[in-house]
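# Summary of structural features
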Amino acid sequence: MLVLRRLRHPLPRPLLASSISSGWSSKTKGKGRPAMASSSSPASAAVVAEGSAARRFWIAASTREAAFAAYTPFLLSLAAGNLRLDAFRHYIAQDAHFLHAFARAYEMAEDCADDDDDRATIAALRKAILQELNLHSSVLKEWGVDPTKEIPPSVATTKYTDFLLATAAGKVDGAKGSDKMVTPFEKTKIAAYTVGAMTPCMRLYAYLGKELTAFLKQDENHPYKKWINTYASSDFEDNALQIEELLDKLSVSLTGEELEIIGKRYQQAMKLEVEFFSAQLVDQPVVAPLSRYCGAKYKLLVFSDFDLTCTIVDSSAILAEIAILSFQKSSQSGIDNTLDRTKSADLRNSWNMLSKQYMEEYEECMERLLPSEESKSLDCDQLYKGLEVLAEFEKLANSRVVDSGVLRGMNLEDIRKAGERLILQDGCKNFFQKIGRTRESLNLDIHILSYCWCAELIRSAFSSVGCLDGVNIHSNEFAFEGSVSTGEIERKMQSPLDKVEKFKSIKSGTDSTAPLLSVYIGDSVGDLLCLLEADIGIVVGSSTSLRRVGKQFGVSFVPLFPGLVEKQRQLTEQDASVFKARSGVLYTVSSWSEIHAFILGSDFS
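Residues numbered from 1 in each chain as written. Predicted model: local features only at pLDDT ≥ 70, side-chain atom pairs only at ≥ 80, totals over all residues. Heavy atoms only, no water.

An unreviewed UniProt entry lists the protein chain under the name Thiaminase-2/PQQC domain-containing protein, with Urochloa decumbens given as the organism.

Here it is, written out as structure tokens:
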């Protein structure tokens, strides 16, 4: 719209109701709510659910669709101020078609509303659109578009306007049209559906306006300053709040099934917004999606950690629980148990003691590896030396676990079943599934580098959601006698040093005529070396230990979207990549949807 049309995720919920400590991994220390997370924790979500359907719908949609909209080539280039004028002209011409449909939908909703106050609110919102349409001709002229020249709507624009007008006409889930509805309640329901389909446009644009104002402070002569200010204005925010309040009021008397229909309309409108932005013609170099940036110029290598990067819980606690349950099952079956353990309570206590010892000594290890003074720039040599301390600590901790015998007696099938039940971070599954669907058309390889004690757990987790194809897994393995674990671990990856050596080995062994561009996705101190050695290091979550160590060795943490806007400003027609390894800058995200949008683009890209 010429009236400008959130990237958050909630705290994870536990996988198992386990009474064992889940604090074995150093990654669990300092793992709080993501720095950019929305107020969608269970407590606040309950308040939202009780008080506002509009907010509930926004929270559900914003995690994914808002990220996909922001990371489109159009909005990234616009934020950077180097969007070509032809692309903006095309956008505002398409926006004119949308504005006409929006005004018509308001008119139809007003006809359906039964309450005088509701009709007055809709009329006021429609008046604002009509005033904007009156100004549209002058704006078009300002940007060099002849308003008398008919510019046909694009496929994405038509799809959006058709959806909006069909909703306003009552053609929702096979229902009869509004012209055939008799009772006031039936018509009011259609008004609610229509407002539900219009609200996300207003809220998304108000959100984007506020997000983009930060870039005006960096450039007083930003060419799209007026456009951004329109949607960051208090007037536009007031309009967005007004339509949200109207949606809440119209929803009060609806059934749960009818509210679900509004939710689907809301989500569909958000997806159509993303498609609308994705369809804008941007014929210039862009840094996102990365798959487009690389094209035929680069071979893209994507690396990711697994525990607490892809998952919401650490696998070590899961494997220990399997071992304890396996012992209980064996004892209860009456079968002679040959394992060198007494009872499950002792086994659980043993694991809890190992976990407690790990966490206590991990804190001491962190203190030992930190330099006395904070470095002003990235000091890789000192960082490597510091992380040698962590490497020795991790190896010793693994030896204690093996020597304790707590990992003996696990059945391979139980491990696979546990992998199938592992819950992945929001958006992670969609990312890997899209890679599986599009891998052959992309010049891309993907690798998992993990401390997990049993790679079979990782394989099962990815296989269960249909995204194992093409994923290369590099991790430790359990030793088995038949299908039962011996308690030993084939230790292939135990420390940050092991990870980075494997990272370098994969890069050097990749057969490609094109130069390589690497991305590493991680969440903990154990990932730090790989994050820095990659051309693009992306940090998921908000590990305080990672940030503390990184900052002390000269690492800067920058939110991904502003970081990409800055890279977009640097981008030229030249072949040299704007992304460089060992830059000392790591990019932070609040959800996998941001990663998906950056690397692969939306489903409409």
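## Remarks on the overall build of the protein chain
For clarity, the threshold we go by: The helix and strand labels rest on DSSP assignments: H or I over at least four residues marks a helix, E over at least two residues marks a strand, and numbering proceeds from the N terminus. Between buried and exposed lies partly exposed: a residue is buried under 20% and exposed over 50% of the maximum accessible area for its type, with that area taken using a 1.4 Å probe on protein chains only.
In terms of regular secondary structure, the protein chain is built from 22 helices and ten strands. The buried share among the 605 residues of the protein chain stands at 57%.

## Some words on the environment of D219
Note the threshold: A 3.5 Å cut-off defines polar contacts: any pair of N or O atoms within that distance qualifies, except that in protein one atom must be a possible hydrogen donor and the other a possible acceptor, and neighbouring residues in sequence count only when both atoms are side-chain atoms.
With respect to the element layout, D219 can be found in the loop between helix 7 (184-217) and helix 8 (225-232). Of the residues examined, D219 reaches a relative accessible area of 24% and is grouped as partly exposed. Considering only alpha carbons, one finds D219 and G81, 138 residues apart in sequence, at a separation of 8.4 Å. Reaching out from D219, the side chain makes a polar contact with the backbone nitrogen of N221 at a distance of 3.0 Å.

## Structural notes on helix 3 (residues 73-80)
In terms of burial, helix 3 is a largely internal element, eight of the eight residues being buried. When we look at burial in helix 3, the residues that qualify are P73, F74, L75, L76, S77, L78, A79 and A80. Immediately downstream of helix 3, the backbone of G81 shows phi near 85 degrees, a positive value.

## Topic: the environment of S583
Structurally, S583 is set in the loop between helix 21 (560-570) and strand 10 (585-589). Placed 206 residues apart in sequence, S583 and S377 show a C-alpha to C-alpha distance of 9.4 Å. A polar side-chain atom of S583 sits 3.2 Å from the main-chain amide nitrogen of V585.

## Brief notes about the pairing of strand 8 (residues 536-540)
Note the cut-off: Only when DSSP finds a minimum of two bridges between them are two strands counted as paired. With the strands aimed away from the viewer, a crossover counts as right-handed if its path from the first strand over the helix to the second runs clockwise.
Of all five residues making up strand 8, five are buried, and the element is well covered by its neighbours. Here strand 8 shows a buried face lined by I536, I538 and V540 and a second buried face lined by G537 and V539. By the bridge criterion, four bridges tie strand 7 (residues 516-522) to strand 8 in an arrangement that is parallel. Each residue of the ladder has a partner; that of Y520, found in strand 8, is G537. With respect to chirality, the unit in which strand 7 leads through helix 19 (residues 528-533) into the neighbouring parallel strand 8 is right-handed. For strand 8 and strand 10, the ladder comprises three bridges, and the chain directions are parallel.

## As for the sheet that holds strand 2 (residues 408-411)
To keep things clear, this is the line we draw: Fitted lines through C-alpha atoms serve as axes, helices being fitted only where they are in contact, and the angles separating the N-to-C directions of these axes extend from 0 to 180 degrees. Two residues form a contact once any of their heavy atoms are found within 4.5 Å.
In space, the three strands of this open sheet follow the order 2-6-5, with antiparallel pairing throughout. Each of the sheet's edge strands pairs with one partner strand only, and the pair in question is strand 2 and strand 5 (477-481). Pairwise comparison of adjacent strand axes, ignoring direction, gives a mean angle of 55 degrees for this sheet. In the sheet, strand 2 pairs with strand 6 (residues 484-490) via two bridges, with the strands oriented antiparallel. Across the sheet, residue N411 finds its bridge partner in strand 6, namely V484. Where helix 15 (residues 412-421) meets the sheet, its contacts fall on strand 2 and strand 5, and the angle it forms with strand 2 comes to roughly 60 degrees.

## A short note on the packing of helix 15 against helix 17 (residues 455-464)
Put simply, the rule is: Orientation categories follow fixed angle ranges, with anything under 35 degrees roughly parallel, anything over 145 roughly antiparallel, 65 to 115 roughly perpendicular, and all other angles oblique. We call a crossing left-handed when the near helix sits turned anticlockwise from the far one by less than a right angle, and right-handed when that turn is clockwise.
One way to put it is that helix 15 packs onto helix 17 with a least axis distance of 7 Å and a crossing angle of 45 degrees. Regarding the angle of helix 15 to helix 17, the classification is oblique. The chirality of how helix 15 crosses helix 17 is right-handed. Two secondary-structure elements touch here, helix 15 through L412, I415, R416, A418, G419 and E420 and helix 17 through E456, L457, S460, A461 and S464.

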